[in-house]
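Observations on chain architecture
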Amino acid sequence: MLILSSNSPRRQELLKGLGMPFKVFVIDGIDESYPADLPAKEVAEYIAVKKAAPYTDVIKGAENTVLTADTVVVCGGEILGKPKDEQDAYRMLRMLSGTTHQVYTGVCLTTEGKQRSFSVETDVTFRELSDEEIWHYIHEYKPFDKAGAYGIQEWIGYIGIKGINGSYYNVMGLPVQRIYDELKAFSE
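What you see is a predicted model; the values in this text were computed from it and never measured.

Rules used throughout
- Residues numbered from 1 in each chain as written.
- Predicted model: local features only at pLDDT ≥ 70, side-chain atom pairs only at ≥ 80, totals over all residues.
- Heavy atoms only, no water.
- Buried < 20%, exposed > 50% of the residue type's maximum accessible area, 1.4 Å probe, protein only.
- Helix = DSSP H or I, 4+ residues; strand = E, 2+ residues; numbered from the N terminus.
- Pairing = 2+ DSSP bridges.
- Phe/Tyr/Trp six-rings, centres within 6.5 Å; stacked < 30°, edge-to-face > 60°.
- Patch = residues over 30% accessible without salt bridge, like charges linked within 9 Å, V, L, I, M, F, W, Y side chains within 5 Å.
- Areas by Shrake-Rupley, 256 points an atom, 1.4 Å probe, with all protein chains shown as cover.
- Salt bridge = Lys/Arg side-chain N within 4 Å of Asp/Glu carboxyl O.
- Arc of directions from axis to C-beta.
- 1 Å grid on protein atoms, 1.4 Å probe; cavity = no way out; pocket = protein on both sides within 12 Å on 5 of 7 lines; lining within 4 Å.
- Points joined across faces, edges and corners; volume = space filled by probe spheres on them.

1. Side note on unusual backbone geometry
Phi at Lys-142 takes a positive value of approximately 45°, unusual for a residue other than glycine. Given the relative accessible area of 48%, Lys-142 is considered partly exposed. At Ala-149, a position not held by glycine, the phi torsion is positive, near 65°. Topologically, Ala-149 is positioned in the loop between helix H5 (131–141) and helix H6 (155–160).

Right, dumping it as structure tokens:
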């Protein structure tokens, strides 16, 4: 049985799209800190592996595979997490406006006998956004649960993203094509 360790409706929707049966089981309160000197592009995978550690009892003696994941947005070397409030969301979106940034999703697959982790990178380019557009998005969509303060599948993605290089689904929070390939290889 595949166990998704995420309450994210986006991750659940994406995993359903693979047509694989899974159940959701989340252990709350997992420490998501990382070393300050860790390169930004390695943070998501580091956290995904760290999130897998508490699931030892869930997979013990069973044919379960736990999937843990973490997504970070990196702009100019700075990791943009989930915004604390409207001002923080505005700061992040203003920073992303007119630039290309990277989205990294780290994934960890864990069974009782083995573990495999990987990271997927996608470059996302925003056109220049007006203050009016940024505030409209913040007020209407309240992106406080999203890394980098935006969801590519929402209004801001429709009007603001000029291009992507890499996996669209990775930007949504789960690189499903790579997960499919990795799960196939993992079960062999």
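After that view, the rundown keeps rolling.
2. A look at the pairing of strand S5 (residues 100–110)
Within S5, 10 of the 11 residues are buried, leaving the element largely enclosed by the surrounding structure. By the bridge criterion, 9 bridges tie strand S3 (residues 65–75) to S5 in an arrangement that is antiparallel. Paired with Thr-68 across the two strands is Cys-108, which belongs to S5. Note that S5 and strand S6 (residues 115–126) share 11 bridges and pair antiparallel. Residue pairing across strands places Thr-105 opposite Val-120, the latter belonging to S6. Between S5 and S6, which follow one another and run antiparallel, lie 4 residues.

3. Here's the deal with the packing of aromatic side chains
Centre distance and the angle of the planes are the two values used to describe a pair of aromatic rings. Summed over all chains, the structure comprises 5 aromatic pairs. Measuring from centroid to centroid gives 5.0 Å for Tyr-90 and Trp-135, while their planes differ by 5°, and the two rings are stacked. Here Trp-135 lies in helix H5 and Tyr-90 lies in helix H4 (residues 86–96), a separation of 45 residues in the sequence. Classification of Tyr-90 as buried rests on a relative accessible area of 18%. You can call Trp-135 partly exposed: its relative accessible area is 23%. Seen from their ring centres, Tyr-168 and Tyr-169 are 5.5 Å apart, and the 80° between their planes marks the pair as edge-to-face. Note on Tyr-169: relative accessible area 40%, which makes it partly exposed.

4. Some details on a nonpolar patch on the surface
On the surface, a cluster of nonpolar side chains totalling about 260 Å² of accessible area is made up of Ile-164, Tyr-168 and Tyr-169. Inspection of the secondary structure assignment puts Tyr-169 in helix H7 (residues 168–172).

5. Observations concerning helix H8 (residues 176–186)
Within the span of H8, buried status applies to Val-176, Ile-179, Glu-182, Leu-183 and Phe-186. Taken end-on, H8 shows its buried residues confined to a sector of 120°, consistent with a single buried face.

6. Regarding the layout of surface pockets
Each pocket or cavity is described by its volume, and for the largest pocket that value is around 750 Å³. Looking at the largest pocket, it is lined by 37 residues, and the ones nearest its centre are Arg-11, Lys-51, Asp-70, Thr-71 and Lys-82. Counting residues per element, the ones that place at least two in the lining of the largest pocket are helix H1 (9–16), helix H2 (40–52), S3 and H7. It is S3 that provides the largest number of residues to the lining of the largest pocket, a total of 5 residues.

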